[in-house]
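Descriptive analysis of the structure
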2 protein chains.
Amino acid sequence: MPRSFKPIPSAIISDRLRFQGLKFTFLSQELRFPNGAQGERQFILHPGGAVIVPITATGTFVCIRQYRFAIADYLFEFPAGTLEPGEEPFQTVLRELQEETGFTAHRWDDLGHFHLAPGYSDEMLYIFLARDLEALLDPPPGDDDEDLEVIELSAEELTERMATTADFDAKTIACFFRAQQFLAHEKALDGKAGLTQP
Amino acid sequence: MPRSFKPIPSAIISDRLRFQGLKFTFLSQELRFPNGAQGERQFILHPGGAVIVPITATGTFVCIRQYRFAIADYLFEFPAGTLEPGEEPFQTVLRELQEETGFTAHRWDDLGHFHLAPGYSDEMLYIFLARDLEALLDPPPGDDDEDLEVIELSAEELTERMATTADFDAKTIACFFRAQQFLAHEKALDGKAGLTQP
């Protein structure tokens, strides 16, 4: 049978800063585990991130294809960015949508949040749906290392490629799932609202 | 309009080991970006991980609720583990399914792979669907820091909770998406096969 549940979290005995990086901090903790054993665990303290799922008037999804130095390869992703100090997630997505896609949006919906990589990072990702897009005549410049292309894909194309290729990262797949559920729920509500109206 | 595409990857000028952790390495690279600028970027070298999506005979999904020290909280996740040195992903999932859930599986399908956190880690996750589950009479012991409960959830419960709560991490949502697409494809093929058979 599956093993039993011990709902006693690990106790933190001590914290130790291991390395102060440019964007995040590498920490180690000495922990006492629920079974009484003791050990060191290491992880990144991350300021958090925010992701935009931008949808055009025709229902296509705006993705970026960008170079990722950590994997020395290109990936397809929804536009996203790290929270600047003191910044609310909604400010981050307003900025990143413009910088990464050259679009601004007039309709925003909150798609909630989730942890990205809880095995070694405390990063929380905040997700927003962006609609009523408008292409900026003079988009702001991106970061120095920017190497990206804006690509629009249909829901069908995204579903197929996310299911069968490694072109998209985990957050982009998870955000697409969230967006699809939100849109289905919205459609169901609209349908019901229609039924009760004269 | 969306900005133009410059398909020239960043050139690596130098590597520097910043911190050798217990499970992974923290590296920094001096890069020359496509626009000619130069800068330092830091990320984790990770051995990779493997995730299991276990489905019971009645169609429920086997999840674990485990304590994650990086966020000092519990999360619902599909069972998963880090690749040991020289280990193939399929060996990892055979081991982790037994250790984390107390089940073994007699039917496995490959659900492909994706990157987890390409902003600061080179980790690739390999995903497997596990069916024909059998509860082990004498499951192997887990890790020292183990603090987990095994929970079965229906596809409907998972869909609802993944869409509206932060109880699940990005990889678990993305793996559920992959599994659902695989099962839908399998069902469609079975349906077609049935039509062509006498």
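Residues numbered from 1 in each chain as written. Chains lettered and ligands numbered in written order. Predicted model: local features only at pLDDT ≥ 70, side-chain atom pairs only at ≥ 80, totals over all residues.

**Some thoughts on the overall build of chain A**
Scanning chain A from terminus to terminus reveals 3 helices and 10 strands. In chain A, the order of α-helices and β-strands from amino to carboxyl end is β-β-β-β-β-β-β-α-β-β-β-α-α. The 198 residues of chain A split such that 39% are buried. Taking the contacts inside chain A whose residues are at least 6 apart along the sequence as the reference set, 60% of them involve residues at least 24 apart. (Helix = DSSP H or I, 4+ residues; strand = E, 2+ residues; numbered from the N terminus. Buried ≥ 20, exposed ≤ 12 C-beta atoms within 10 Å, placed from the backbone. Contact = placed C-beta atoms within 7 Å.)

**What about the domain arrangement of chain A?**
Interface size, as often reported, equals the accessible area lost upon joining of the parts. Residue and element names in this part refer to chain A. In terms of domain boundaries, chain A breaks down into domain 1 (11–45) and domain 2 (49–184). On a C-alpha basis, the centres of domain 1 and domain 2 stand 30 Å from each other. Counting residues at the interface gives 4 residues for domain 1 and 4 residues for domain 2. Per-class residue counts for the side of domain 1 that touches domain 2 are 3 nonpolar, no polar and 1 charged. (Domains from an automatic or database assignment. Nonpolar A, V, L, I, M, F, W, Y, C, P; charged D, E, K, R; others polar.)

**A few points about the environment of A:Glu123**
Residue and element names in this part refer to chain A. Checked against the element boundaries, Glu-123 lands in the loop between strand S8 (103–115) and strand S9 (124–135). A count of 27 C-beta atoms within 10 Å places Glu-123 in the buried class. It is 7.0 Å that separates the C-alpha atoms of Glu-123 and Gly-49, two residues lying 74 residues apart in sequence. The residues contacting Glu-123, other than those within four sequence positions of it, are His-46, Gly-48, Gly-49, His-115, Leu-116 and Ala-117.

**Some details on the interface of chain B and chain A**
On the side of chain A, 66 residues touch chain B, which itself brings 66 residues to the contact. Sorting elements by how many residues they give to the side of chain B that touches chain A places helix H3 (residues 170–196) of chain B first, with 7 residues. Of the residues in the side of chain B that touches chain A, the class split is 35 nonpolar, 16 polar and 15 charged.

**Here we look at the relation of the copies chain B and chain A**
Mapping between the two chain copies consists of a rotation about an axis together with a translation along that axis. Once turned by 180° and shifted 0.0 Å along the axis, chain B lies on chain A with an RMSD of 0.0 Å. Each copy turns onto its partner about a two-fold axis. Judged by C-alpha distance, B:Ala174 is the residue of chain B that lies nearest the rotation axis, at 2.4 Å. (Least-squares fit on C-alpha atoms with pLDDT ≥ 70 in both.)

**Looking at the sheet that holds strand S3 (residues 38–45) of chain A**
Residue and element names in this part refer to chain A. Pairing is antiparallel in the open sheet, where 3 strands are placed in the order S1-S2-S3. The open sheet has two free edges, formed respectively by strand S1 (11–20) and S3, since each of these has just one partner strand. Neighbour to neighbour, the strand axes of the sheet diverge by 25° on average, direction disregarded. Across 8 bridges, S1 lies against strand S2 (residues 25–32) in antiparallel orientation. Within S2, the position partnered with Phe-19 by the bridge is Phe-26. (Pairing = 2+ DSSP bridges. Axes fitted to C-alpha atoms, helices over the stretch in contact; angles between N-to-C directions.)

**Overview of the nonpolar core**
In terms of nonpolar packing, the biggest core is built from 95 residues, with A:Val53, A:Ile173, B:Val53 and B:Ile173 touching the most fellow members. The residues touching B:Val53, leaving out its near neighbours within four places in the chain, are B:Phe61, B:Phe78, B:Leu111, B:Ile127, B:Leu129, B:Ala130, B:Cys175 and B:Ala179. (Core = buried A, V, L, I, M, F, W, Y, C linked by C-beta atoms within 7 Å.)

**Here we look at the sheet that holds strand S9 (residues 124–135) of chain B**
All names here are of chain B. Taken in spatial order, the 4 strands make up an open sheet running S7-S4-S9-S8, and their pairing is mixed. With one partner strand each, in any of the chains shown, strand S7 (80–82) and strand S8 (103–115) form the two edges of the open sheet. Each strand axis lies, on average, 20° off the axis of its neighbour in the sheet, ignoring direction. By the bridge criterion, 3 bridges tie strand S4 (residues 49–54) to S7 in an arrangement that is antiparallel. If you follow Val-51 over to S7, its bridge partner there is Ala-80.

**A few points about unusual backbone geometry**
We note that A:Ala72 has phi near 50°; this positive angle belongs to a residue other than glycine. Here A:Ala72 falls in the exposed class, since 12 other C-beta atoms lie within 10 Å of it. The backbone of B:Asp132 shows a phi angle near 50°, a positive value even though the residue is not glycine.

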